[in-house]
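Given next are the chains, with one letter for each unit.
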Amino acid sequence: MILLFLLVACCPHIYHATVQNCYDGSYRVKQAPFNNCAGYRDCEPGYYCVDGVRIACPAGVYGNSSSLNSPSCSGPCPPGYFCPPGTKAPTSFVCGNSSVYCPLGSALPLPVPSGHYSIDISGSNILNHNIRVSVAQCTFGTYCENGVKRHCPAGTYGNRLGLNSSTCSGGCPEGFYCPEGTKLEHQYPCANESSIYCPAGTDAPVPVGLGYFTVQSDESRTVGGGYTSQTICPRGSYCIGGVRSLCPAGRYGGSIQSINSSCSGICRGGYYCPAGSSLSTQFQCDATDVYCPPGSPAPIPVSIGYYTTSHQGNDSTVITYSVDGNVV
């Protein structure tokens, strides 16, 4: 008491500052330990004290030192972390997976909105980085699920922002192809070459099969796409490089999927085969004023002074003199 009296008498400004400091950032207690003010104790980390009352640091801030006297405590929770009430260390609670994020001053992790992805403290969206601090909307050609941004799968396209499903905006239309991350529906036209085609939902042009020819839908043609499908070469045709051609006149194609311009062989004698014939006996040469040797593309008129005859198997040949094709 004598010391206190002397301090007040000689140095009142020091006395008042000491008393003020011991009350500031402290709270009333009934039992020791006390600080320099009897009945008071310094506020512990995680708390602040005002008017002798101890209060937990609010959610979103932290208090890592003693004798705090403001609800702002030591400051806002840093990005990538969250601070529930009474948090002492700023990095006690990590914002720990891609589906949530923690901006500056977070009380709890915030869920990543649909169609958005979370960004870690380094600015990356890599899946195994856990300190997530912000979000961004998914860009064209990507989709976002659980806070992770991914390319639209091959065979699809993404022409809108904020897509949230692996189906993106839909499947690639026929006549076009869509590699991974394609942004626009008609971004990659299938080259207008008969040797390749692009069915709906493809990620790359497909080579035409042997003995097939490519076709193009009206819709693909209208919007500038390429061939859309392949069809097996029918009888009477041969197909090379995706182009269908008729078997030459005088020959026939008796099988499907032919890749030879000679087709199946020549037309039988006594018959004729125009281009595209599928039988060796496509049309019978059945008039007396015409004849059809093997490989005939059309009936041949009988010359004046000749007549026609038929051998076994209708193998018609010109053999002797006649008048107007009739036997004298």
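The structure we're discussing is the one just above.
Below you will find a few notes about this structure.

## Comments concerning the side chain of Arg-132
Okay, step 1: Note that Arg-132 resides in strand E10 (residues 132–137).
Okay, step 2: Here Arg-132 occupies a buried position and makes no salt bridge, while the nearest side chain of opposite charge, Asp-120, is found at 5.3 Å.
Okay, step 3: Here the side chain of Arg-132 touches Ser-118 through a polar contact of 3.0 Å, landing on its backbone oxygen.

## What about the side chain of Ser-237?
Okay, step 1: Note that Ser-237 resides in strand E19 (residues 237–240).
Okay, step 2: With relative accessibility at 0%, the residue Ser-237 sits in the buried group.
Okay, step 3: At 2.9 Å, the side chain of Ser-237 forms a polar contact with the side chain of Arg-244.
Okay, step 4: If near-sequence neighbours (up to four positions away) are discounted, Ser-237 is found in contact with Arg-244, Ser-245, Leu-246, Cys-247 and Ser-258.

## A few points about the state of the cysteines
As used in these notes, a disulfide is a covalent bond between sulfur atoms, one from each of two cysteines.
Okay, step 1: Scanning the model with the defined rule gives 13 disulfides in all.
Okay, step 2: Across the disulfide, Cys-57 is cross-linked to Cys-73 (sulfur-sulfur distance 2.1 Å). Every disulfide takes its handedness from the sign of the S-S torsion; for Cys-57 and Cys-73 that torsion is -110°, giving left-handed. You can see Cys-57 sitting in the loop between strand E4 (53–56) and strand E5 (61–62) and its partner Cys-73 sitting in the loop between E5 and strand E6 (75–76), a full 16 residues away along the chain. The same class applies to Cys-57 and to Cys-73, which are both buried.
Okay, step 3: What pairs with Cys-152 in a disulfide is Cys-168, and their sulfur atoms sit 2.2 Å apart. Its S-S torsion of about -105° marks the bond between Cys-152 and Cys-168 as left-handed, since a negative value means left-handed.

## Quick word on the pattern of salt bridges
Okay, step 1: Taken as a whole and judged by the stated rule, the model has two salt bridges.
Okay, step 2: The partner of Glu-44 in a salt bridge is Arg-54, and the shortest N-O contact between them spans 3.1 Å. With Glu-44 in the loop between strand E2 (40–42) and strand E3 (47–50) and Arg-54 in strand E4, this residue pair connects regions lying ten residues apart in the sequence.
Okay, step 3: Overall, the relative accessible area of 25% leaves Glu-44 in the partly exposed class.
Okay, step 4: The exposure class assigned to Arg-54 is partly exposed, which follows from its relative accessible area of 38%.
Okay, step 5: Arg-221 is the salt-bridge partner of Asp-218, the closest N and O atoms lying 3.0 Å from each other. Taken together, the positions of Asp-218 and Arg-221, both in helix H3 (residues 218–222) and three residues apart, correspond to about one turn of that helix.
Okay, step 6: According to the relative accessible area criterion, Asp-218 is exposed, its value standing at 60%.

Conventions adopted
- Residues numbered from 1 in each chain as written.
- Predicted model: local features only at pLDDT ≥ 70, side-chain atom pairs only at ≥ 80, totals over all residues.
- Heavy atoms only, no water.
- Helix = DSSP H or I, 4+ residues; strand = E, 2+ residues; numbered from the N terminus.
- Buried < 20%, exposed > 50% of the residue type's maximum accessible area, 1.4 Å probe, protein only.
- Lys, Arg positive; Asp, Glu negative; His and termini not counted.
- Salt bridge = Lys/Arg side-chain N within 4 Å of Asp/Glu carboxyl O.
- Polar contact = N/O pair within 3.5 Å; in protein donor to acceptor, adjacent residues only side chain to side chain.
- Contact = heavy atoms within 4.5 Å.
- Disulfide = S-S within 2.5 Å.

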